[in-house]
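Here's the letter readout for the chains.
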Amino acid sequence: MTIGTLRQAPHRILDWALPYWTRGEAGRETPADLFRVLYLGWLAAFVLKVLGASWDVSWHFRWLRDDLAPPHLLNTVGTVIAVGLTIVHWYTGYGVDRLASRLIVWGTGVFLIAIPLDLINHRVNGLDITAWSPSHALLFIGSGLMIAGVARGWWLGAPRGDARVERRRTVVLAALFAFFLENLHFPAQQQEYGVLEIASWDRGEPYAEPSLLEFAANQLGRAVDREMIVKFSLPVPDLLYPLWAGVAGMLVLVIARLMIGRAWTATAIAAAYVAYRALVWPLFVGMGFPGSAIPFFFVLGGLFIDLAFLACGPLGDSLVARLVRPVLGAALVTGGIYGGLALQKELLAAPPYPTDSWAMAGGLLAAAWIGAEILTRMYRLRDGDRDQETGARVSATATP
């Protein structure tokens, strides 16, 4: 590629894009090339946001907060892309239906409102001891709404066709569910990093810099000792971790399995998330940042979700299946989650959790799973219902 070609690239991009910049209602017929560019842009934005967020949590277990830290800058680039795409969807109506557009716009708005609130929180209160804070919750809620809107837009608008086209549609939708799972599980990394932070203190080689430890100790009103390290590293009840991972996390995989409708969907998404965590672990540790416990037990949870669907396959989508599947699945998944946690704690590392909480986790998951079965059917969110919805119509011949 010559320098002249590179110089002409912005002009060519503008010449291609500007004709599409016209006001329109959501659900507008979308040219195939524009639809492809919009959703490639979303995938790029989410990748940058995930990488920045993952680095950020590791960063804050070593150093004091810094608004211009590299993880924040990386996350900001992804956010800028997301805001630009949100404006395009809202103004032109391309690539989304009305509900998807609202989810994206509201999610982006909540996320943008949360940023200054989080900055003010840190200015007033100093270091935020936990990822489970109100200002952080707004960031996660905004991101979740945004991802949900993008997933709906893709689910409705992605073209169907031969095996290659169908495979691409499935892979992208599964990737969006993986992003949603990462966003939902993100606050629980507080415990996954925290348990190794305590272990580093016990070895006499704390990950956190002295300035961070002193700052946290001042906030907690005590000396820098082991009890302070535990309060800094694990500031929330131990019960929260298995319930959040075993109920909320698994519910995402259940909905993914219902919407995508393919065998081993839940296993693939869980394995992809765990693989990502395993790949960035040596990257962060190699740069001198703390590592975390990795939720390998997620793979068991995803596997048992898929096995529950497989076991109930002969029942079809009958009322019996929609009742038996959640009860059987919740029992299998809860056993997998708690068994996996116990094995991981023994062999590697895992956050502390009350072992007798399995009944609560299983009951909550069964109830949430039944709710997911009802709602996905009521609102026609199953794979076979997609063509009955009025969404972003993609056409290879549509013109601006």
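Quick note: structure is the one above.
Residues numbered from 1 in each chain as written. Predicted model: local features only at pLDDT ≥ 70, side-chain atom pairs only at ≥ 80, totals over all residues. Heavy atoms only, no water.

### Here we look at the overall build of the protein
Across its full length, the protein carries 14 helices and two strands. Whereas a compact globule of 400 residues would reach a radius of gyration of roughly 21 Å, the protein reaches 23 Å, a difference of no more than 12%. For the protein, the C-alpha atoms occupy an extent of roughly 70 × 60 × 40 Å along the three principal directions. The burial tally for the protein puts 50% of its 400 residues in the buried class. Pairs at least 24 residues apart make up 77% of the contacts formed inside the protein by residues separated by at least 6 positions. (Helix = DSSP H or I, 4+ residues; strand = E, 2+ residues; numbered from the N terminus. Rg over C-alpha atoms; globule rule 2.2 N^0.38 Å. Buried < 20%, exposed > 50% of the residue type's maximum accessible area, 1.4 Å probe, protein only. Contact = heavy atoms within 4.5 Å.)

### Quick word on empty space enclosed by the protein
Taken as a whole and judged by the stated rule, the model has one cavity of 30 Å³ or more. Looking at the largest cavity, its volume works out to about 70 Å³. Lining the largest cavity, in full, are S54, Q189, Y193, R277, V280, W281, F284, P290, G291, S292 and I294. Residues that form the lining of the largest cavity fall into these classes: six nonpolar, four polar and one charged. (1 Å grid on protein atoms, 1.4 Å probe; cavity = no way out; pocket = protein on both sides within 12 Å on 5 of 7 lines; lining within 4 Å. Points joined across faces, edges and corners; volume = space filled by probe spheres on them. Nonpolar A, V, L, I, M, F, W, Y, C, P; charged D, E, K, R; others polar.)

### Considerations on the environment of L176
With respect to the helices, strands and loops of the structure, L176 is situated in helix α6 (residues 163-185). Taking the C-alpha atoms as reference, L176 lies 16 Å from R277; in sequence the two are 101 residues apart. Setting aside chain neighbours within four positions, we find L176 in contact with L43, F46, I147, V150, A151 and W154.

### What about the nonpolar core?
Judged by nonpolar contacts, the single largest core of 95 residues is most densely connected at W42, I269, F298 and I305. Looking at this core, the element that brings in the most residues is helix α10 (residues 240-260), giving 13 residues. (Core = buried A, V, L, I, M, F, W, Y, C linked by side-chain atoms within 4.5 Å.)

### Examining the packing of helix α5 (residues 134-157) against α6
Remark: α5 packs on α6, axes separated minimally by 9 Å, with the N-to-C direction vectors making an angle of 170°. Taken as axis vectors, α5 and α6 run roughly antiparallel relative to one another. Residues F140, S143, G144, I147, A148, V150, A151, W154 and W155 of α5 lie in contact with α6, whose contacting residues are R168, R169, V172, L173, L176, F179, F180 and N183. For the contact of α5 with α6, the residue count by class is twelve nonpolar, three polar and two charged. (Axes fitted to C-alpha atoms, helices over the stretch in contact; angles between N-to-C directions. Parallel < 35°, antiparallel > 145°, perpendicular 65-115°, else oblique.)

All quantities given are derived from atomic positions and should not be read as evidence of function.
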